Amino acid sequence: MRQIDFAKSPRFAQISTYGRLPFTKNLRGVKAVFVGIPFDGGVTYRSGARFGPSAIRQSSRLLRPYNYFADTHPFDDLLACDYGDIDVVPGNVVKTMELVEKELSKLTSRAVPFIAGGDHSITLPVLRTMKGKHGRVNLVHMDSHFDFWDAHWGERFTHGSWLRRAREEGLLKEVIQLGIRGSFPSKEDLKDGKGLSITTFTTLDVTQRFKALKKALDSLKGKTYLSLDIDVADPSFAPGTGTPEVGGLSSLDVIKLVRSMRLDLAGMDVVEVSPPYDMSELTSMLAANLLYEGMSVLSKRRG
């Protein structure tokens with residue numbers, strides 16, 4: 001499976017698939033698959049992430065076969081394809097999670113999923129699927145928020161509570177968060193993180209204690225899932241998101257972090273891309289490139 005050749009068909013032509021890869025549900029030989037989960041019923045502030053997958057596809061048209069910085073051809077090496085979107089039930093978080101688990105279980109039996117959200121609540125059913133495939137996995141969580149609050153307005157399944165649910169359900173081994181910043185509801189949140197055995201690196205830690213962060217990442221053994229909320233980047237680089245926080249990482253900082261990872265990737269998602277808040281497409285372009293860098297991590301490790 002190969003990209004559409006831009007020398008024969010201009011990049012602005014043809015229907016939008018991720019990286020102009022083939023759209024197919026036949027995963028024979030496929031090692032990496034792009035899939036969208038267009039659900040934003042778990043948000044607590046600005047919606048719009050349901051349009052994330054389609055925007056990321058449109059913004060991926062400039063992705064090319066060879067990644068110079070990783071010295072790999074991720075699309076070709078992994079026989080990557082675009083699987084399309086998993087159908088969701090707008091407004092129904094629980095039913096959507098059931099559908100995601102059912103469909104993803106088919107995918108993970110054949111290929112490593114690279115997922116475009118959707119809000120961050122979709123990561124919980126993904127991690128349930130990961131456990132079914134690999135047993136408990138490590139989690140690298142890139143975000144400006146903790147996402148381990150217990151509930152919002154009595155609702156236990158939101159984009160801000162998925163990580164606590166994942167811990168409670170026994171889905172995870174080691175958990176490393178990075179990029180945390182902004183104000184918190186309470187100082188007790190810091191105790192909650194320790195109680196949940198989560199290692200946290202703030203945005204300042206990423207820039208000032210990178211060696212310690214790299215050591216922690218390199219210590220992870222076994223299958224690891226990478227979940228990246230686009231708001232880990234500063235709003236000047238990624239304005240199209242639901243809960244933006246100032247003082248974040250640059251787009252280059254985030255790309256370099258993903259490139260530096262030597263993880264045994266079980267899968268990856270990029271979530272919380274809300275195109276209505278970014279007519280410039282900066283946010284969806286960054287998301288498309290981050291998924292490409294994630295595929296490159298997998299390709300390089302397998303190579």
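Up top you'll find the structure we're talking about.
(A) Spotlight on the sheet that holds strand β8 (residues 264–271). Pairing within the open sheet is parallel, and its eight strands lie in the order β2-β1-β3-β8-β7-β4-β5-β6. Strands at the two margins of the open sheet, each flanked by one partner only, are β2 (81–85) and β6 (198–202). Along the sheet, successive strands turn relative to each other by an average axial angle of 15 degrees, direction set aside. Where strand β3 (residues 112–117) lies against β8, three bridges are found, and the strand directions are parallel. Bridge pairing in β8 links Phe-114 to Met-268.

(B) Highlighting a nonpolar patch on the surface. Taken together, the side chains of Tyr-66, Tyr-68 and Phe-69 make up a nonpolar region of the molecular surface, amounting to roughly 400 Å² of accessible area. Relative to the helices and strands, Tyr-68 resides in the loop between α1 (52–58) and α2 (74–77). For Tyr-68, a relative accessible area of 60% corresponds to the exposed category.

(C) The pattern of salt bridges, seen in detail. Under the counting rule described, the total for this entry stands at 18 salt bridges. Across the pair Arg-57 and Asp-85 runs a salt bridge whose closest N-O atoms are separated by 3.0 Å. With Arg-57 in helix α1 and Asp-85 in strand β2, the pair connects residues that are 28 residues apart, well separated along the chain. For Arg-57, a relative accessible area of 8% corresponds to the buried category. The partly exposed category is assigned to Asp-85, whose relative accessible area is 33%. One connected set of salt bridges, linked through shared partners, spans Asp-150, Arg-156, Arg-165 and Glu-168.

Criteria and cut-off values
Residues numbered from 1 in each chain as written. Predicted model: local features only at pLDDT ≥ 70, side-chain atom pairs only at ≥ 80, totals over all residues. Heavy atoms only, no water. Pairing = 2+ DSSP bridges. Helix = DSSP H or I, 4+ residues; strand = E, 2+ residues; numbered from the N terminus. Axes fitted to C-alpha atoms, helices over the stretch in contact; angles between N-to-C directions. Patch = residues over 30% accessible without salt bridge, like charges linked within 9 Å, V, L, I, M, F, W, Y side chains within 5 Å. Areas by Shrake-Rupley, 256 points an atom, 1.4 Å probe, with all protein chains shown as cover. Salt bridge = Lys/Arg side-chain N within 4 Å of Asp/Glu carboxyl O. Buried < 20%, exposed > 50% of the residue type's maximum accessible area, 1.4 Å probe, protein only.

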